Amino acid sequence: MSGAPDIRIPAEILPADGRFGCGPSKVRPEAVAALAAVAPDYLGTSHRQPRVKDVVAEVRRSLHELFGLPEGWEVLLGNGGATFFWDAASVGLIERRSQHLSFGEFSSKFAKAAAAAPHLDDPVVITAEPGSHPVPAPDASVDAYCLTHNETSTGVAMPLVRPDADGLVLVDATSAAGGVRWDPRQVDVYYFSPQKCFAADGGLWLACCSPAAIERIERLADADRWIPDSLSLPTALDNSRKDQTYNTPALATLYLLLEQLRWMLGNGGMAFAAGRSDESSTILYQWAERTPYTTPYVADPAMRSPVVGTVDFDDAIDATVVAKALRANGVLDTEAYRKLGRNQLRIGMFPAIDPADVEALTASIEYVVAALA
Ligand SMILES: *Cc1c(COP(=O)(O)O)cnc(C)c1O
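Heads up: these notes are all about the structure in this document. Just so it is clear, the structure is predicted and the values come from calculations on it, not from any experiment.

## As for the site of the ligand
- Lining the immediate surroundings of the ligand are 13 residues, of which Thr83, Thr152, Asp172, Ser193 and Lys196 lie closest.
- Within the side chain of Thr152, one N or O atom sits 2.4 Å away from an oxygen atom of the ligand.
- Alone, the ligand offers 390 Å² of accessible surface; in the complex the protein occludes 87% of this.
- Its atoms largely coinciding with the cavity grid, the ligand occupies the largest pocket.
- A total of four residues in the shell around the ligand trace back to one element, the largest contributor, which is helix H3 (residues 81-92).

Below you can see the structure in the form of structure tokens.
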């Protein structure tokens, strides 16, 4: 591989699975095998027939169970991923004005989408230095508070707490959902794509919606604004209630998502799934603290993400060279988020990733750094 130093990490040091990316992220081999096993009567069959609709129904039910969603909540889904959902929310959930907590690449993007919407007032954007998070500020002019459970570009997670105000709480949980605990009473819409903690592929969005959010979706259907059908949340709601999507979904993605939900629920639900990420992140941050040439990028331990770890390296060591050497040894996607511009590695620690592999990754990094010296 170009530019990679010629370092061969011994097999007994390497992680069993080398995938540490933050999305798409490790898909469990067992889930791929399960998909292959059902393929003959599932892949390449109609998404309007019970075989596929039953999968969608079990996905929706399983998310209810995993998150302990209260009575009246509904799980919506459609094509396009979390990025698409920002646009759908800008036409179908924000009534006049939103407030955004902006603390990295992903959280800033929803703020930009809302600012560009001609039918909305200018959003209130509260920023914080990268590596930390702001908190929402109650504001009578705001009808939607837009939070990000885990800012994937920086490795900062924030607790979800409803501001003492009216207005819906909309949470981008793309990299947190399934790996970080949350309380539905603090939230109205918890939306995500399935290629991170849910170890599937990209292209879908899913949104857990409170009764207040459903009411807003239904009311804005009659708002005086143009809503294309593909962006319409009432259309998504209507289809989701029938366990289908408005247009054709990726059936493989749905099945991988279902397999990950079965795995999580079969092993104890959020306590198990979040517990795996807690274990992995404890290993990574303790290692980064005690190793002389590394420091956790997020200074406040309370803000450090259990699912996306960011580790700064001393100037004497070029983290991009370390990432290249790891890649040449099959340890993939440890590069920092490019726009953050730091001498850093970023490590996915989603529930599918074995904590023992995170331990092995730290040993592999030590091996590479020693070989470079
Ligand atoms: C990955 C990610 C997104 C983008 O998801 P897509 O499926 O590519 O649209 C949005 N927000 C967060 C927090 C993410 O981690």
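## A short note on the side chain of Gln195
- With respect to the helices and strands, Gln195 occurs in the loop between strand S8 (189-192) and strand S9 (204-209).
- Aside from chain neighbours lying at most four places away, what touches Gln195 is Gly23, Pro24, Ser25, Ala200, Asp201 and Gly202.

## Regarding the layout of surface pockets
- Estimates place the volume of the largest pocket at around 350 Å³.
- Around the largest pocket sit 24 residues that line it, and Cys22, Gly23, Phe106, Thr152 and Lys196 are the ones nearest its centre.
- Of all elements in the fold, only H3 and helix H4 (105-116) reach the threshold of two or more residues within the lining of the largest pocket.
- Counting residues per element, the lining of the largest pocket draws most heavily on H3, at three residues.
- For the lining of the largest pocket, the per-class residue count stands at seven nonpolar, eleven polar and six charged.
- For the lining of the largest pocket, the domains that each give at least three residues are domain 1 (29-266) and domain 2 (270-372).
- Approximately 280 Å³ is the volume attributed to the second largest pocket.
- Secondary structure elements with two or more residues in the lining of the second largest pocket: helix H9 (319-328) and strand S12 (344-348).

## Regarding the sheet that holds S12
- With respect to topology, three strands assemble into an open sheet ordered S10-S11-S12, the strand pairing being antiparallel. Because the sheet does not close on itself, it has two edges, and the strands there are strand S10 (294-296) and S12. Between one strand and the next, the sheet's axes are offset by a mean angle of 30 degrees, whatever the strand orientation.
- In the sheet, strand S11 (residues 308-313) pairs with S12 via five bridges, with the strands oriented antiparallel. Bridge pairing links Val308 to Gly348 in S12.
- Sitting on the sheet, helix H8 (residues 270-290) is in contact with S10, S11 and S12, with an inclination near 10 degrees to S11.
- In the packing of H9 onto the sheet, the strands contacted are S11 and S12, and the crossing angle to S12 comes to about 45 degrees.

## A word on the pattern of salt bridges
- If you walk through the whole model with that rule in mind, you get 23 salt bridges.
- When the shortest N-O distance is used, the salt bridge between Lys242 and Asp238 registers 3.5 Å.
- Note on Lys242: relative accessible area 43%, which makes it partly exposed.
- Taking the relative accessible area as the measure of exposure, Asp238 reaches 40% and is therefore partly exposed.

## Some details on empty space enclosed by the protein
- For the structure on display, the rule yields one cavity of 30 Å³ or more.
- As a volume, the largest cavity reaches approximately 40 Å³.
- Contributing to the lining of the largest cavity are Trp86, His100, Leu101, Ser107, Phe110, Cys146, Leu147, Thr148, Asp172 and Tyr191.
- Among the secondary structure elements, those contributing two or more residues to the lining of the largest cavity are strand S2 (98-102), H4 and strand S4 (144-148).
- Sorting elements by how many residues they give to the lining of the largest cavity places S4 first, with three residues.
- Grouping the constituent residues of the lining of the largest cavity by class yields six nonpolar, three polar and one charged.

## As for the sheet that holds S2
- What the seven strands build is an open sheet, ordered S1-S9-S8-S7-S4-S2-S3; its pairing is mixed. A single partner strand is all that each edge strand has here, and the edge strands are strand S1 (74-79) and strand S3 (124-127). The sheet shows a mean angle of 20 degrees between the axes of neighbouring strands, taken without regard to direction.
- By the bridge criterion, four bridges tie S8 to S9 in an arrangement that is antiparallel. In the sheet register, Tyr191 faces S9, and the bridge partner there is Ala207.
- On the sheet, H4 packs against S2, S3, S4, strand S7 (168-172) and S8 and is oriented at approximately 155 degrees with respect to S2.
- Along the sheet, helix H5 (residues 211-220) makes contact with S1, S7, S8 and S9, crossing S9 at roughly 115 degrees.

## Thoughts on the packing of H8 against helix H10 (residues 355-372)
- One way to put it is that H8 packs onto H10 with a least axis distance of 8 Å and a crossing angle of 20 degrees. Taken together, H8 and H10 sit at an angle that is classed as roughly parallel. In this structure, H8 meets H10 at a crossing whose hand is right-handed. Residues Arg276, Glu279, Ser280, Ile283, Leu284 and Trp287 of H8 form the contact with H10, whose participating residues are Pro355, Val358, Glu359, Thr362, Ile365 and Glu366.
- Class assignment of the residues belonging to the contact of H8 with H10 gives a composition of six nonpolar, two polar and four charged.

Criteria and cut-off values
Residues numbered from 1 in each chain as written. Predicted model: local features only at pLDDT ≥ 70, side-chain atom pairs only at ≥ 80, totals over all residues. Heavy atoms only, no water. Near = heavy atom within 4 Å. Polar contact = N/O pair within 3.5 Å; in protein donor to acceptor, adjacent residues only side chain to side chain. Areas by Shrake-Rupley, 256 points an atom, 1.4 Å probe, with all protein chains shown as cover. 1 Å grid on protein atoms, 1.4 Å probe; cavity = no way out; pocket = protein on both sides within 12 Å on 5 of 7 lines; lining within 4 Å. Sits in = over half its atoms within 2 Å of the grid points. Helix = DSSP H or I, 4+ residues; strand = E, 2+ residues; numbered from the N terminus. Contact = heavy atoms within 4.5 Å. Points joined across faces, edges and corners; volume = space filled by probe spheres on them. Nonpolar A, V, L, I, M, F, W, Y, C, P; charged D, E, K, R; others polar. Domains from an automatic or database assignment. Pairing = 2+ DSSP bridges. Axes fitted to C-alpha atoms, helices over the stretch in contact; angles between N-to-C directions. Salt bridge = Lys/Arg side-chain N within 4 Å of Asp/Glu carboxyl O. Buried < 20%, exposed > 50% of the residue type's maximum accessible area, 1.4 Å probe, protein only. Parallel < 35°, antiparallel > 145°, perpendicular 65-115°, else oblique. Left-handed = near helix turned anticlockwise from the far one by under 90°.

Don't take any of this as a statement about function, it's just geometry.
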